[in-house]
Amino acid sequence: MAVYASFRSIGAYVPEKILSNSDLEKMVDTTDEWIVKRTGIKERHIADEHISTSDMGAMAARVAIERSGLDKSDIDLIICATVTPDYFNMPSTACIISDKIGISNVQAFDISAACSGFVYSLTIAKAFIESGMKKNVLIVGAEKFSSIVDYTDRSTCILFGDGAGAAVISATTNKSEAFVDIHASADGSYADFLVTPAPGSVHPANQKMLDEKLNFVQMKGNETFKLAVKTLTKDVVDILKNNNIKPSEIKHFIPHQANYRIIKAVGDALGMKDEQVVLTVQKYGNTSAASIPMAINDIYESGRLKEGELMLLDTFGGGLTWASALIPFAPKAK
Ligand code: ACO
């Protein structure tokens, strides 16, 4: 009998501390009006100093596992998508999360696809499950983005926030619960649009790295913006067309939450109604790999996401990477 991947549960962790636009007005030469007008962001959440990416990932993971109705020992693969790992080399953040949530003897690894990391992880979970290698995959998108942001650089520090989201993807034989389609891609010729130059093999950690602030994120904002609108729109147009689905049939359009103007441009190009488009950018900012699962969790916790409803995920990020997915929400049958 054929086995399919299904989206069984969602969870998230949002740090308590809020960094508002008026806080940022005191730190750099910016205004609440500029930030809201250009990005739609009003505030973002920032993790305390002692909280790591794996701490946030573990908290989101516990919620997702609890909601899946599974025992944690049923999880047979853990993937963590992050560009702000606990450690830049090793161990992986997924390994640390496995220990924090008390799952031992499990395959665990990280992936690096920036803001596209969560949807990239969904492609991997699907492949593992549908090949019969794994049954219940925990995927985590977690970022302590504040650890790579230069809070003297007004062009980037207004954009990003911290947080984590997690999902359990399980095997099913029920085709109506299965992922409808998923697609991921990249174009490395745009690698310099979004980069944290150090530490790494190109620029190992040294005094120069600190003096030149190479450990902070650098972004060609305007170029990234234009490419994001173009790529995100093409990606969703293609996935809908390939599956003979009209935009009006999508219950929840959940794009990467980077900038309200990007989301609006893509939504308008597709003719999406406001009630179809999930928006969290105003309160979380851009949380990179955590952005989409945090947004899914928001509609789940507010009671908007119901069994069988079709989600259209669409993401874009450093690499450059992009990905889209058509997935029904398939919680454990009551
Ligand atoms: N406050 C006030 N003025 C500012 C600020 C600020 N915080 N930041 C920049 N400006 C100024 C610039 O200096 C510039 O001034 P100038 O005209 O005198 O030179 C002016 O505002 C316009 O700057 P732009 O960069 O052209 O502004 P833009 O409208 O493009 O908005 C932004 C910048 C918000 C960064 C936008 O380009 C953007 O959202 N880009 C996309 C980011 C994104 O989608 N990333 C996705 C992936 S993220 C990941 O993978 C981790």
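Residues numbered from 1 in each chain as written. Predicted model: local features only at pLDDT ≥ 70, side-chain atom pairs only at ≥ 80, totals over all residues. Heavy atoms only, no water.

Per an unreviewed UniProt entry, the chain goes by Beta-ketoacyl-[acyl-carrier-protein] synthase III and derives from Sulfurovum sp. enrichment culture clone C5. If you open the UniProt record of the chain and go to Subcellular location (unreviewed entry), you find "Cytoplasm". (UniProt positions renumbered as here; feature names shortened; annotations may be inferred.)

So, about helix α9 (residues 260-270). Taken as a whole, α9 has its buried residues at I262, I263, V266, G267 and L270. Projected down its long axis, α9 shows its buried positions confined to an angular sector of 125°, all on one face. On its buried side, α9 packs onto α8 (221-242), β11 (252-255), α10 (281-284) and β12 (310-317). Put simply, N259 is the residue that caps the front of α9, since its side-chain oxygen is 2.8 Å from the backbone nitrogen of R261. G271 occupies a position one or two residues after α9 and carries a positive phi of about 70°. (Buried < 20%, exposed > 50% of the residue type's maximum accessible area, 1.4 Å probe, protein only. Helix = DSSP H or I, 4+ residues; strand = E, 2+ residues; numbered from the N terminus. Arc of directions from axis to C-beta. Contact = heavy atoms within 4.5 Å. Polar contact = N/O pair within 3.5 Å; in protein donor to acceptor, adjacent residues only side chain to side chain.)

A few words on the UniProt feature "active site" (unreviewed entry) in the chain. UniProt records the feature "active site" (unreviewed entry) at C115, H256 and N286, using the numbering of this structure. What stands out for the annotated residues spanning 172 residues is how close their C-alpha atoms remain, the widest pair being 8.5 Å apart. In this fold, H256 is placed in the loop between β11 and α9. The buried category is assigned to H256, whose relative accessible area is 5%. Beyond its immediate sequence surroundings of up to four residues, H256 is in contact with C115, I263, N286, S288, S291, I292, D314, T315 and F316. Engagement of the side chain of H256 in a polar contact is seen with the side chain of N286, the distance being 3.2 Å.

The strand order across the open sheet formed by four strands is β8-β13-β12-β11, and the pairing between neighbours is mixed. Edge positions in the open sheet fall to β8 (181-186) and β11, since each of these has one partner strand only. With direction set aside, neighbouring strand axes in the sheet form an average angle of 10°. Of the strand pairs in this sheet, β12 and strand β13 (residues 321-328) are connected by eight bridges, and their pairing is antiparallel. The residue of β13 that forms the bridge with L310 is P328. Contacts from helix α5 (residues 117-130) reach β8, β12 and β13 within the one sheet, and its direction differs from that of β8 by about 125°. Most of the contacts of helix α11 (residues 291-301) go to β11, to which it runs at about 150°, and overall it touches β11 and β12. (Pairing = 2+ DSSP bridges. Axes fitted to C-alpha atoms, helices over the stretch in contact; angles between N-to-C directions.)

Within this structure, the stated rule accounts for eleven salt bridges. For K213, the salt bridge identified is with D150, shortest N-O distance 3.3 Å. Residue K213 is found in the loop between α7 (207-211) and β10 (218-219), and its partner D150 is found in the loop between β6 (136-144) and α6 (154-157); the two are separated by 63 residues along the sequence. The partner of E212 in a salt bridge is K208, with the nearest N and O atoms 3.6 Å apart. On the accessibility criterion, E212 (45% relative accessible area) is partly exposed. Of the residues examined, K208 reaches a relative accessible area of 43% and is grouped as partly exposed. (Salt bridge = Lys/Arg side-chain N within 4 Å of Asp/Glu carboxyl O.)

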